Amino acid sequence: MATTSGRRPLVAGNWKMNLTHLEAIALVQKIAFTLNEKELTAVEAAVLPPFVSIRGVQTLIDGDQLDVAYGAQDISVHDSGAYTGEVSGAMLAKLGCRYAVVGHSERREYHHEDDATVNAKAKAAFKNGIVPIVCVGEGLDVREADSQVEHCTAQLTAAMEGIPADQARNVVVAYEPVWAIGTGKTATPEDAQEVCGALRDKLTDLYSGDLADAVRIIYGGSVKPDNAAALAAQPDVDGSLVGGASLDGEQFAAICRFARGAAGA
Ligand SMILES: O=C[C@H](O)COP(=O)(O)O
């Protein structure tokens with residue numbers, strides 16, 4: 001459904017390494033039955049389970065015709081071959097994944113993924129018809145130096161290197177200040193708007209204003225029902241990437257409703 005900005009808000013639950021495949025199915029059922037059809041039309045609700053749960057989630061969503069999107073938390077840069085533990089874009093596409101997260105700060109930190117890897121993963125996603133959710137965000141040191149805009153826009157520029165406009169138009173960008181992830185510290189709505197607005201301006205520089213207006217830019221970092229409305233009310237914040245609160249169906253649904261309300265839907 002078109003909103004006042006023309007962008008349908010996206011609320012994506014990044015479950016990280018939580019929930020068995022049985023718990024995953026139960027949570028998707030809970031989300032789908034908590035939100036009504038109108039709410040699920042106004043806001044795109046998506047879940048990002050661990051790889052092993054994607055097949056179960058797909059079977060449920062397809063079988064019951066649920067209006068919930070799903071995707072993966074990562075994607076390999078490789079097409080196929082001897083890459084133990086990796087999961088390719090083709091495999092995810094076959095499972096019906098709409099999204100793949102790339103560049104999450106936990107991948108950058110614990111798996112040493114650099115900007116070139118993030119760029120390669122974004123390309124691998126697009127190559128397989130999957131929308132990358134490109135994560136950018138500054139650490140506390142960068143925030144304290146007041147360099148968050150330069151830092152995040154540079155990460156976005158690197159992530160989009162060589163990606164043509166017809167693909168870039170569909171990208172989702174997630175601004176996740178590292179200091180706010182899982183810490184209970186949330187960026188203020190103004191903090192989120194500052195960086196999300198700058199990211200949109202960067203997309204205008206890299207591509208065009210028309211393309212930048214179409215791209216959804218979401219915020220992540222301790223999003224909860226009690227701060228979701230104020231964040232979603234910012235003009236350049238088109239939803240959220242939710243970690244901890246996405247593991248609770250009621251909380252996740254409440255965040256979706258706030259995103260819908262902020263969009264005036
Ligand atoms: O991808 C989600 C983010 O890392 C946010 O996680 P959080 O909501 O638990 O802070």
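The structure displayed is predicted, hence computed values, not measured ones.

Undergrad: Give me the lowdown on the overall build of the protein, citing residues and values where you can.
TA: Secondary structure summary: the protein contains 13 helices and 8 strands in total. Relative to the 2.2 N^0.38 estimate, which gives 18 Å for 265 residues, the radius of gyration of the protein is 17 Å and therefore close to what a compact globule would have. Taken over the C-alpha atoms alone, the protein extends approximately 45 × 45 × 35 Å along its principal axes. In the protein, which comprises 265 residues, the share counted as buried stands at 54%. Total accessible area on the protein stands at roughly 11200 Å², and carbon and sulfur atoms take up 52% of it. Of the side-chain charges in the protein, 22 are positive and 35 negative, and the distance between the mean point of each set is 5 Å.

Undergrad: Mind laying out unusual backbone geometry, listing which residues take part and the relevant values?
TA: Located in the positive-phi region is His 112, a residue other than glycine, with phi close to 55 degrees. You can see His 112 is positioned in the loop between helix 5 (105-110) and helix 6 (115-127). A positive phi angle, near 60 degrees, is found at Asp 146, a position not held by glycine. Along the chain, the position of Asp 146 falls in the loop between helix 7 (140-144) and helix 8 (148-159).

Undergrad: How would you explain the UniProt feature "active site" (unreviewed entry) in the protein if you had to name every residue and give the values?
TA: Following the UniProt record, the feature "active site" (unreviewed entry) maps to His 104 and Glu 176 here. In summary, the annotated positions, though distributed over 73 residues, converge in three dimensions, the widest C-alpha pair being only 8.3 Å. Checking the named residues against the second largest cavity, the ones that line it are Glu 176. The class of His 104 is buried, set by a relative accessible area of 3%. Aside from chain neighbours lying at most four places away, what touches His 104 is Asn 14, Lys 16, Cys 135, Glu 176 and Ile 181. A polar atom in the side chain of His 104 sits 2.9 Å from the backbone nitrogen of Glu 106. Counting through the fold element by element, Glu 176 comes out in the loop between strand 6 (172-175) and helix 10 (189-206). Taking the relative accessible area as the measure of exposure, Glu 176 reaches 6% and is therefore buried.

Undergrad: Tell me about the pairing of strand 2 (residues 44-48), residues and numbers included.
TA: Burial within strand 2 is extensive, with 5 of its 5 residues counted as buried. Because side chains alternate across strand 2, one face comprises the buried residues Glu 44, Ala 46 and Leu 48, and the other comprises Ala 45 and Val 47, equally buried. The sheet contact formed by strand 1 (residues 10-14) and strand 2 spans 5 bridges and is parallel. Note that in strand 2 the partner of Gly 13 across the bridge is Val 47. As paired strands, strand 2 and strand 3 (residues 69-72) are joined by 2 bridges and run parallel to one another. Across the sheet, residue Ala 46 finds its bridge partner in strand 3, namely Ala 69.

Undergrad: Got a sec to walk through the nonpolar core? Specific residues and values, please.
TA: One broad trend across soluble globular proteins is that nonpolar side chains are buried collectively. Ranked by internal contacts, the top residues of the largest apolar core, which has 68 residues, are Val 173, Leu 199 and Tyr 219. Counting residues in hydrophobic clusters, the runner-up holds 14 residues, among them Leu 48, Ile 133, Val 172 and Ile 218.

Undergrad: Tell me about the layout of surface pockets, and name the residues and values.
TA: When its volume is computed, the largest pocket comes out at roughly 500 Å³. In terms of lining, the largest pocket is formed by 19 residues, of which the most central are Lys 16, Met 17, Gln 73, Arg 107 and His 111. The greatest single-element share of the lining of the largest pocket, amounting to 3 residues, is contributed by helix 5. The space that makes up the second largest pocket amounts to roughly 190 Å³. Lining the second largest pocket are 19 residues; nearest its centre among them are Lys 16, Gly 182, Val 242, Gly 243 and Gly 244. Residue composition of the lining of the second largest pocket, grouped by class: 7 nonpolar, 9 polar and 3 charged.

What counts as what
Residues numbered from 1 in each chain as written. Predicted model: local features only at pLDDT ≥ 70, side-chain atom pairs only at ≥ 80, totals over all residues. Heavy atoms only, no water. Helix = DSSP H or I, 4+ residues; strand = E, 2+ residues; numbered from the N terminus. Rg over C-alpha atoms; globule rule 2.2 N^0.38 Å. Buried < 20%, exposed > 50% of the residue type's maximum accessible area, 1.4 Å probe, protein only. Areas by Shrake-Rupley, 256 points an atom, 1.4 Å probe, with all protein chains shown as cover. Lys, Arg positive; Asp, Glu negative; His and termini not counted. Charge placed at Lys NZ, Arg CZ, Asp CG, Glu CD. UniProt positions renumbered as here; feature names shortened; annotations may be inferred. 1 Å grid on protein atoms, 1.4 Å probe; cavity = no way out; pocket = protein on both sides within 12 Å on 5 of 7 lines; lining within 4 Å. Contact = heavy atoms within 4.5 Å. Polar contact = N/O pair within 3.5 Å; in protein donor to acceptor, adjacent residues only side chain to side chain. Pairing = 2+ DSSP bridges. Core = buried A, V, L, I, M, F, W, Y, C linked by side-chain atoms within 4.5 Å. Points joined across faces, edges and corners; volume = space filled by probe spheres on them. Nonpolar A, V, L, I, M, F, W, Y, C, P; charged D, E, K, R; others polar.

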